[in-house]
Amino acid sequence: MNDNISAFNASEYGNKIKMTIPYYEDFYKQVIDIVKIRFEKPVKWLDVGCGIGKMAETAFENADIGKFVFYDNSAELIAHAQKRFQSSTLNFLPVSSKKTTFPYLTVARHLVQSNSGT
């Protein structure tokens, strides 16, 4: 299956993307720093364009995650992420964000929601 519209297939995505995007690893660490400062634990996380799950990997290692939703328009990348992570608090959605309505006013690359007041 090759529905992945990125420049790399799922098996090489993790290594190739690091070579393509400067400070790729630092980006995820900075997102975690913001989450730790801003949100009460545990957090609900919607990762739009999750790829193979690099943000999830960093989040699971460094933050208290109540629920994590992997969302990508590539079923191939979602399948790869699903092999990497298994938990009852995870959802995997291989659908196009252009065709889906979210229950959020704004959908960002990484959307985190505090459980308080939700």
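Structure: see above.
Residues numbered from 1 in each chain as written. Predicted model: local features only at pLDDT ≥ 70, side-chain atom pairs only at ≥ 80, totals over all residues. Heavy atoms only, no water.

Could you give me a rundown of empty space enclosed by the protein, with the residues and numbers involved?
Counted according to the given criterion, the structure contains 1 cavity of 30 Å³ or more. In this model, the largest cavity occupies a volume close to 50 Å³. Taken together, Val35, Lys36, Phe39, Lys41, Val43, Ala63 and Asp64 make up the lining of the largest cavity. Broken down by class, the residue content of the lining of the largest cavity amounts to 4 nonpolar, no polar and 3 charged. (1 Å grid on protein atoms, 1.4 Å probe; cavity = no way out; pocket = protein on both sides within 12 Å on 5 of 7 lines; lining within 4 Å. Points joined across faces, edges and corners; volume = space filled by probe spheres on them. Nonpolar A, V, L, I, M, F, W, Y, C, P; charged D, E, K, R; others polar.)

Requested: an account of the pairing of strand E1 (residues 43–48), with residues and values cited.
In terms of residue burial, E1 counts as a mostly covered element, since 5 of its 6 residues are buried. Both E1 and strand E2 (residues 65–72) contribute to a ladder of 6 bridges, which runs parallel. When the sheet's bridge partners are listed, Leu46 is paired in E2 with Val69. Taking the sense of rotation as the criterion, the β-α-β connection linking E1, helix H3 (residues 54–62) and E2 turns out right-handed. (Buried < 20%, exposed > 50% of the residue type's maximum accessible area, 1.4 Å probe, protein only. Helix = DSSP H or I, 4+ residues; strand = E, 2+ residues; numbered from the N terminus. Pairing = 2+ DSSP bridges. Right-handed = clockwise from strand over helix to strand, strands pointing away.)

Please set out the nonpolar core residue by residue, giving values where relevant.
Nonpolar side chains tend toward joint burial in soluble globular proteins. By size, the foremost hydrophobic cluster in this structure holds 26 residues, and its most contacted members are Trp45, Ile65, Phe68, Phe70 and Phe92. Listed by contribution, the elements that provide at least two residues to this core are helix H1 (10–20), helix H2 (24–38), E1, H3, E2, helix H4 (75–84) and strand E3 (90–94). Among the elements that make up this core, the one with the highest residue count is H2 (5 residues). Discounting residues that sit within four places of it in the chain, Phe92 has contacts with Phe70, Ile78, Ala81, Gln82 and Phe85. (Core = buried A, V, L, I, M, F, W, Y, C linked by side-chain atoms within 4.5 Å. Contact = heavy atoms within 4.5 Å.)

Describe the packing of H2 against H3, naming the residues involved and giving the relevant values.
At their nearest, the axes of H2 and H3 sit 10 Å apart, and the two run at 45 degrees to each other. The orientation of H2 relative to H3 falls into the category oblique. You can see that H2 and H3 cross each other, and the crossing is right-handed. Of the residues in H3, those touching H2 at Tyr24, Glu25, Tyr28, Lys29, Val31, Ile32 and Lys36 are Lys54, Met55, Thr58, Ala59 and Asn62. Residues that form the contact of H2 with H3 fall into these classes: 6 nonpolar, 2 polar and 4 charged. (Axes fitted to C-alpha atoms, helices over the stretch in contact; angles between N-to-C directions. Parallel < 35°, antiparallel > 145°, perpendicular 65-115°, else oblique. Left-handed = near helix turned anticlockwise from the far one by under 90°.)

Give a detailed account of the pairing of E3, specifying residues and quantitative values.
The side chains of a regular strand alternate, first on one face of the sheet and then on the other. Where E2 meets E3, 5 bridges bridge the pair, whose relative direction is parallel. Looking across to E3, one finds that Val69 is bridged to Asn91. Handedness of the crossover is the feature at issue here: the chain leaves E2, passes through H4, returns alongside E3, and the resulting connection is right-handed.

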